Amino acid sequence: PPQKGTDVRDVIRKTMRAVEAHKQQHNRPVLTHLNHPNFGWGVTAEDIAHVTEEHFFEVYNGHPSVNHQGDKTRPSTEHLWDIANTTRIRDLDAHVWYGLGTDDSHNYHNTSGSTPGRGWVMVRATELTPAALIAAIENGEFYASSGVVLDQITCDGDSLKIDIAALDDGTYVTEFIGTRQNSDKIGEVLARVEGQHASYTFSGDDVFVRATVSSTVPADNPAFKGQLRQAWVQPVVPNSPAK
């Protein structure tokens, strides 16, 4: 049942705890995530950062009304991700926050509204079962996509490497994004690499590093004007694999 609380953080926290209790009661895997935080500007980065029980949210949601790009005074969902992870990892010593892609389908019989196929996750799992998929996602073995497909993501402790599947005639740009320990720049572009193969060597003071891969090919079914096909690689914490 819906949880009630004193504020946004309290409601999210109580909801996470209620789902965890349900999971334990029924002895089955359950994956819980926060939907579209910018919808109605309902949830801030500060809210999410401090509810450390929550490990997943929608960095991309294909509904046209979720304010994916933010506005003049409020961050995009990507930058919200970076703000929250900076606070969690650098200030709270908490678990990294992962980003999902979804289509949030509502409309199936017309071409307008929230239609299927705009966003999804690609999971590296041992088998195609709910338990294996959820376990892999909980370990960060997935990426989010709105049209870009990746062949491989490798993190060897020294660097993050990405191999992109060339499925169209577009060109690709990978931006490695993160925050550094003693910098006041949150979620800055640490490196920008063109082509199908991209890598970033960690510096000694990276709080976290993630990547956004963009194609020059427009999205097949865009949710907003000028949308390109993209993929979002999960943040890694170079100095603390346990996070």
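Anything mentioned here points back to the structure above.
The structure displayed is predicted, hence computed values, not measured ones.

Quick look at the sheet that holds strand S7 (residues 172-180)
Here we have six strands laid out as an open sheet, ordered S3-S4-S11-S10-S7-S8, and antiparallel in their pairing. Each edge of the open sheet is held by one strand with a lone partner, namely strand S3 (120-123) and strand S8 (188-194). On average, adjacent strands in this sheet sit at an angle of 20° to one another, irrespective of strand direction. For S7 and strand S10 (residues 206-218), the ladder comprises nine bridges, and the chain directions are antiparallel. Following the sheet pairing, Ile177 is matched in S10 by Arg210. On the sheet, helix H3 (residues 77-91) packs against S7, S10 and strand S11 (228-236) and is oriented at approximately 165° with respect to S10.

Observations concerning the layout of surface pockets
Approximately 270 Å³ is the volume found for the second largest pocket. Along the walls of the second largest pocket sit 14 residues, with Met16, Glu20, Glu53, His55 and Glu138 positioned nearest its centre. With five residues, helix H1 (residues 8-26) is the single largest residue contributor to the lining of the second largest pocket. Here the lining of the second largest pocket is composed, by residue class, of six nonpolar, three polar and five charged.

Here we look at the sheet that holds strand S6 (residues 159-164)
If you trace the three strands from one edge of the open sheet to the other, you get S5-S6-S9, paired in antiparallel fashion. Edge positions in the sheet fall to strand S5 (150-155) and strand S9 (197-201), since each of these pairs with one other strand and no more. Between one strand and the next, the sheet's axes are offset by a mean angle of 5°, whatever the strand orientation. The pairing of S6 with S9 spans five bridges and is classified as antiparallel. Residue pairing in the sheet places Ile162 in a bridge with Ala198 of S9.

A word on H1
Helix length check: H1 (19 residues) gives 27 Å between terminal C-alpha atoms against 27 Å at 1.5 Å per residue, within 8%. Following H1 by one or two positions, Asn27 adopts a phi angle in the positive range, close to 55°.

Quick look at the nonpolar core
Counting residues in hydrophobic clusters, the biggest one holds 20 residues, and the most contacted among them are Leu34, Ile48, Phe57 and Trp97. At the level of secondary structure, the elements contributing two or more residues to this core comprise H1, helix H2 (45-50), strand S1 (56-61) and H3. The element best represented in this core is H3, accounting for four residues. Among the nonpolar cores identified, the runner-up in size contains 18 residues, and Leu150, Ile164, Ala231 and Val233 belong to it.

Details of the side chain of Thr179
With respect to the element layout, Thr179 can be found in strand S7. For Thr179, a relative accessible area of 0% puts it in the buried group. A polar contact of 2.8 Å, which involves the side chain of Thr179, links it to the side chain of Thr86. Of the polar contacts made by the side chain of Thr179, one reaches the backbone nitrogen of Gly187; its length is 3.0 Å. Look past the residues within four positions of Thr179 in its chain and what remains in contact with it is Thr86, Arg90, Lys185, Ile186, Gly187, Asp205, Asp206, Val207 and Phe208.

Digging into helix H4 (residues 130-138)
Turning to H4, its buried residues number three or more, namely Ala132, Ile134, Ala136 and Ile137. Tucked into the core, H4 has its buried residues touching S1, strand S2 (98-102), S3 and strand S4 (142-145). Downstream of H4 by one or two residues, Gly140 has phi in the positive range, about 80°.

Quick look at the pattern of salt bridges
Considering all chains together, one arrives at 14 salt bridges under this definition. Linking Lys14 and Asp10 is a salt bridge whose minimum nitrogen-to-oxygen distance equals 3.3 Å. A residue pair is termed a helical-turn pair when its members lie 3 or 4 positions apart in one helix, as Lys14 and Asp10 do in helix H1 at four residues. The shortest N-O distance in the salt bridge between Arg192 and Glu194 comes to 3.7 Å. For the residue pair Arg192 and Glu194, the accessibility class agrees, reading exposed in each case. Connected via shared salt-bridge partners are Arg13, Arg17 and Glu53.

Thresholds applied
Residues numbered from 1 in each chain as written. Predicted model: local features only at pLDDT ≥ 70, side-chain atom pairs only at ≥ 80, totals over all residues. Heavy atoms only, no water. Pairing = 2+ DSSP bridges. Helix = DSSP H or I, 4+ residues; strand = E, 2+ residues; numbered from the N terminus. Axes fitted to C-alpha atoms, helices over the stretch in contact; angles between N-to-C directions. Contact = heavy atoms within 4.5 Å. 1 Å grid on protein atoms, 1.4 Å probe; cavity = no way out; pocket = protein on both sides within 12 Å on 5 of 7 lines; lining within 4 Å. Points joined across faces, edges and corners; volume = space filled by probe spheres on them. Nonpolar A, V, L, I, M, F, W, Y, C, P; charged D, E, K, R; others polar. Expected span 1.5 Å × (residues − 1). Core = buried A, V, L, I, M, F, W, Y, C linked by side-chain atoms within 4.5 Å. Buried < 20%, exposed > 50% of the residue type's maximum accessible area, 1.4 Å probe, protein only. Polar contact = N/O pair within 3.5 Å; in protein donor to acceptor, adjacent residues only side chain to side chain. Salt bridge = Lys/Arg side-chain N within 4 Å of Asp/Glu carboxyl O.

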